[in-house]
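Structure assessment
This is what each chain is made of:
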Amino acid sequence: MALYEYVTQDQLAGFDKYKYSAVDSNPLSIYVMHPFWNFVVKFLPTWLAPNLITFTGFMFLVLNFLMLAFYDFDFTASAAGHEHVPSWVWVAAGIFNFLAYTLDGVDGKQARRTNSSTPLGELFDHGLDSWACIFFVATVYSIFGRGESGVGVATLYYILWVVLFSFILSHWEKYNTGILFLPWGYDISQVTISLVYLVTAVVGVETWYQPILFHFLYRDLFTFMIIACSFTVTLPMTFYLYSLYEAFLPFLSPVLLFVLSTIWVVYSPSNIIELQPRIFYLMVGTAFANVTCKLIVCQMSNTRCQALSWLLLPMLVVVLVAVTGVAGNETLLLYLWTAAVILAHIHYGVSVVQQLSSHFNIFAFSLKPNSD
């Protein structure tokens, strides 16, 4: 048992009564991907734990992030006059991204196939998905980079928040209605981006320099697609608000996180978003995942969402220290805070998994029952 009980006894009792309820109306998912996943799952051994499949898929996205960080840490490699990312990296990125997407679709089918479905599996899946947002967005950014035909790091920061809020909207709706409406944008974006990685390997990043029509660049098309998907096919499909305060309570922490991080971006003495965009995105994405996971726990256990995530309190201090210039080295402060956020989120995840594994008498990465 963890030193701190992240899942309360009321929440554990709520997990006992939990039943998965989701609606997937995306034609791409229904007519193409689900038949493909049903085919793939038949080749998996029945001893393979669904959570291990989920974690492996997530690690493919982390591997993509680390691989592109090695070749394009500051997002300048795709700009004209810079040494470009090797073609084989884009091939690997396309394959890894599609493998991650496939494993994310197969894990639930493996759970039903082996009769091992548990609330822990859904929490594990959606919790890792919330963290995967940052790895996915930051890796895609390297296709266009920061050059003249690319996207500014501040612009990408706000695009990242569009993606993050579109993710949490589905879980916010489930918190209020009990039904998870799976967003269309996820399947469309995963297939599209996997193909774009492979196309980039063949035609080179120089292809994306050219305008599609007049002065409309490919980067403008991708920006439009992300925003359009987020505000159309990804927005919640129903709104049932029994109380405005209770309904919007889960948004308090994400909004405060957005406000704090944006204050840091706007008032940074050293323009930290230009100096260390990758690390700043990682910090924001990880903090967001931590906030979202707590919402998912409340949503699945049918308990009231906390108004404020404790992680935001030290972040308030960090942001004040940064923008007032008290910190002599703002980059070092960002690195230290990012490390603290990552460690806090990993500790939270491990603690929750340990508590639920103990409660349900199961192992997280094995189909054997826990003998304790």
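Everything in this summary refers to the structure shown in the same document. (Residues numbered from 1 in each chain as written. Predicted model: local features only at pLDDT ≥ 70, side-chain atom pairs only at ≥ 80, totals over all residues. Heavy atoms only, no water.)

A look at unusual backbone geometry
Trans peptide bonds make up the majority, and among non-glycine residues the majority have a negative phi. Worth spelling out the cut-off: Only DSSP runs of H or I with at least four residues qualify as helices, and only runs of E with at least two residues qualify as strands; both kinds are numbered from the N terminus onward. To sort residues, take the accessible area from a 1.4 Å probe on protein chains only and compare it with the maximum for the residue type: under 20% means buried, over 50% means exposed, and anything in between is partly exposed.
Residues other than glycine seldom take positive phi values, yet Asn 115 does so here, at roughly 55 degrees. Structurally, Asn 115 is set in the loop between helix H4 (87-113) and helix H5 (119-144). We classify Asn 115 as exposed; its relative accessible area is 73%. In this model, Asn 361 sits at a positive phi of 60 degrees, which is unusual for a non-glycine residue.

Observations regarding the pattern of salt bridges
Defined as follows: Take a side-chain nitrogen of Lys or Arg and a carboxyl oxygen of Asp or Glu: if they are within 4 Å of each other, that pair is a salt bridge.
Evaluated as defined, the whole model comprises 2 salt bridges. With its nearest N and O atoms 2.9 Å apart, the salt bridge here joins Lys 174 to Glu 122. Residue Lys 174 is found in helix H6 (residues 153-177), and its partner Glu 122 is found in helix H5; the two are separated by 52 residues along the sequence. Residue Lys 174 is classed as buried on the basis of its relative accessible area, which comes to 2%. Glu 274 serves as the salt-bridge partner of Arg 146, at 2.7 Å between the closest nitrogen and oxygen. Here Glu 274 lies in helix H11 (residues 272-275) and Arg 146 lies in the loop between H5 and H6, a separation of 128 residues in the sequence.

Observations regarding the packing of H4 against H5
Let me state the cut-off plainly: Orientation is described by lines fitted to C-alpha atoms, with helices fitted over the stretch in contact, and by angles between N-to-C directions that extend from 0 to 180 degrees. Put simply, angles under 35 degrees are roughly parallel, angles over 145 are roughly antiparallel, angles from 65 to 115 are roughly perpendicular, and the rest are oblique. For any pair of crossing helices, the crossing counts as left-handed if the nearer helix is rotated counterclockwise from the farther one by less than a right angle, and right-handed if it is rotated clockwise. It only takes one pair of heavy atoms within 4.5 Å for two residues to be counted as in contact. Each residue is assigned to one of three groups, with Ala, Val, Leu, Ile, Met, Phe, Trp, Tyr, Cys and Pro labelled nonpolar, Asp, Glu, Lys and Arg labelled charged, and all others, Gly among them, labelled polar.
Packing of H4 against H5 leaves a shortest axis separation of 12 Å and a crossing angle of 160 degrees. Relative to H5, the element H4 lies roughly antiparallel. H4 and H5 meet at a crossing whose hand is left-handed. Only Asp 125, Asp 129, Phe 136, Ser 142 and Ile 143 of H5 make contact with H4, whose side of the interface consists of Trp 90, Asn 97, Asp 104 and Asp 107. Residues belonging to the contact of H4 with H5 are distributed by class as follows: 3 nonpolar, 2 polar and 4 charged.

Some details on the packing of aromatic side chains
Centre-to-centre distance and the angle between the planes together describe a pair of aromatic rings. We count it as follows: When the centres of two rings from Phe, Tyr and Trp lie within 6.5 Å, Trp using its six-membered ring, the rings pair. Their planes under 30 degrees apart give stacked, over 60 give edge-to-face, and anything left gives tilted.
Applying the stated criterion to the full structure yields 29 aromatic pairs. Where Tyr 141 meets Tyr 281, the ring centres are 6.4 Å apart and the plane angle is 65 degrees; that geometry is what we call edge-to-face. Highlighted residues: Tyr 141 in helix H5 and Tyr 281 in helix H12 (residues 277-301), separated in sequence by 140 residues. The pair formed by Tyr 141 and Tyr 281 is uniform in burial state, with each residue classed as buried. Seen from their ring centres, Trp 172 and Phe 251 are 5.2 Å apart, and the 40 degrees between their planes marks the pair as tilted. Here Trp 172 is found in helix H6, whereas its partner Phe 251 is found in the loop between helix H9 (244-248) and helix H10 (252-267), with 79 residues between them in sequence. A single burial state applies to Trp 172 and to Phe 251, both of which are buried.

Section: H6
To keep things clear, this is the line we draw: Here the expected length of a helix is defined as 1.5 Å per residue gap, with one fewer gap than residues.
End to end, H6 covers 36 Å across 25 residues, agreeing with the expected 36 Å (1.5 Å per residue, within 8%). Of all 25 residues that make up H6, 20 are buried, and the element is covered over most of its length. One or two positions beyond H6, positive phi appears at Gly 178, with a value near 85 degrees.

Things to note about the nonpolar core
The line we're drawing: In this description, a nonpolar core means a group of buried Ala, Val, Leu, Ile, Met, Phe, Trp, Tyr and Cys residues linked to one another through side-chain atoms lying within 4.5 Å.
In this structure, Phe 135, Trp 264, Phe 280, Tyr 281 and Met 283 are the most contacted members of the largest nonpolar core, which totals 109 residues. Among the elements that take part in this core, H5 stands out by supplying 16 residues, more than any other. Ignoring anything within four residues of it in the chain, the contact list for Trp 264 reads Ile 272, Phe 280, Met 283, Val 318, Val 319, Ala 322, Val 323, Glu 330, Leu 333, Leu 334 and Trp 337.

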